[in-house]
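Residues per chain are reported as follows:
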Amino acid sequence: MTLSDFLGIFFLLMVIQAIGTHLQVRKYRKSVSRLHKLGNIGVGAKRGKLGGGNIVIISCKGDGTITGAEEMKGMTIFAGFKEIPNIVGKNIYDLKSEYQSDEKKNKAYLQAIEALENRLKNDSGGEKS
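Given the structure is predicted, the values throughout are model-derived calculations rather than measurements.

Undergrad: Quick question: what am I supposed to make of a nonpolar patch on the surface here?
TA: Taken together, the side chains of Met1, Leu3, Phe6, Leu7, Ile9, Phe10, Leu12, Leu13, Met14 and Ile16 present a nonpolar region at the surface, about 1100 Å² in accessible area. Mapped onto the secondary structure, Leu13 falls in helix α1 (residues 3-36).

Undergrad: Where do I start with the nonpolar core in this structure?
TA: The tendency in soluble globular proteins is for nonpolar side chains to be buried as a group. Grouped together as the largest cluster of nonpolar side chains are 18 residues, with contacts concentrated most on Val56, Ile58, Ile87, Ile92 and Tyr99. For this core, the leading source of residues is helix α3 (residues 107-123), giving seven residues. Not counting residues within four places of it along the chain, the set of residues in contact with Ile92 comprises Cys60, Gly64, Ile66, Ile113, Leu116, Glu117 and Leu120. Core analysis: the next-biggest nonpolar cluster, separate from the first, contains seven residues, Leu35, Ile57, Ala79 and Phe81 among them.

Undergrad: Looking at this structure, how should I read the pairing of strand β1 (residues 40-46)?
TA: Along any regular strand, the residues point their side chains to alternate faces of the sheet. One ladder, built from seven bridges, connects β1 with strand β2 (residues 53-60); its direction is antiparallel. Bridged to Gly44 within β2 is Val56. Adjacent in sequence and paired antiparallel, β1 and β2 are bridged by six residues.

Undergrad: Please explain the pairing of strand β3 (residues 66-74) as it appears in this structure.
TA: Here β2 runs beside β3; their pairing, made up of eight bridges, is antiparallel. Each residue of the ladder has a partner; that of Ser59, found in β3, is Gly68. Between β2 and β3, which pair antiparallel and follow one another directly, the connecting turn spans five residues, one of which, Gly64, has a positive phi of 95°. Sheet topology places β3 next to strand β4 (residues 81-83); three bridges connect them, and they run antiparallel. Following the sheet pairing, Glu70 is matched in β4 by Glu83. Connecting β3 to the antiparallel partner β4 that follows it, the hairpin turn spans six residues.

Calculation criteria
What you see as residue numbers is a count from 1 along each chain, following the sequence as written. Thresholds applied to this predicted model are a pLDDT of at least 70 for local features of residues and 80 or more for the giving and counting of side-chain atom pairs; totals over whole chains, interfaces and linings are not thresholded and use all residues. Hydrogens are left out, water is left out, and the side-chain values use all remaining heavy atoms of the structure. In this scheme, patches are assembled from residues that exceed 30% relative accessible area and form no salt bridge. Like charges are connected within 9 Å, while nonpolar side chains (Val, Leu, Ile, Met, Phe, Trp, Tyr) are connected within 5 Å. For the area figures, the Shrake-Rupley method with a 1.4 Å probe applies, and any residue is considered shielded solely by the protein chains shown. Salt bridge, as used here: a side-chain nitrogen of Lys or Arg that lies within 4 Å of a carboxyl oxygen of Asp or Glu. Strands here are runs of E lasting at least two residues and helices are runs of H or I lasting at least four, both read from the DSSP assignment and numbered beginning at the N terminus. Definition used in this section: a nonpolar core is a set of buried Ala, Val, Leu, Ile, Met, Phe, Trp, Tyr and Cys residues joined via side-chain atoms within 4.5 Å. Think of it in three bands: residues with accessible area under 20% of the maximum for their type are buried, residues over 50% are exposed, and the middle band is partly exposed, with areas taken using a 1.4 Å probe on protein chains only. Residue contacts are defined here by distance: any two heavy atoms, one from each residue, within 4.5 Å place the two residues in contact. Paired strands, as defined in this entry, are two strands with at least two bridges between them according to DSSP.

Structure below.
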């Protein structure tokens, strides 16, 4: 294998990586746009050490009621956002208490909930609605 062959393969891998990144960013933006129509949004992420991580996007109304939630798990371009129907309708403050029991497992969820708490606190002038 010559140096030019090695550089060609390296360049090809970089192009594939750029295309994969672009596709994932498009999926992320579509999900954020879709959930933002349902209310305020909070985003949380957990990076995997060797395997894939996850990204969680949660939307809620001004009173903290969750109106929508989606999660992307994995590390390939084939990973997409999937709905999380079992938390829709719950309150973010109650859900935070529930998820704090296993903080490592639920890191992305907690980040999204805390982002929503901060958003709601700033929108309401410092009071919980």
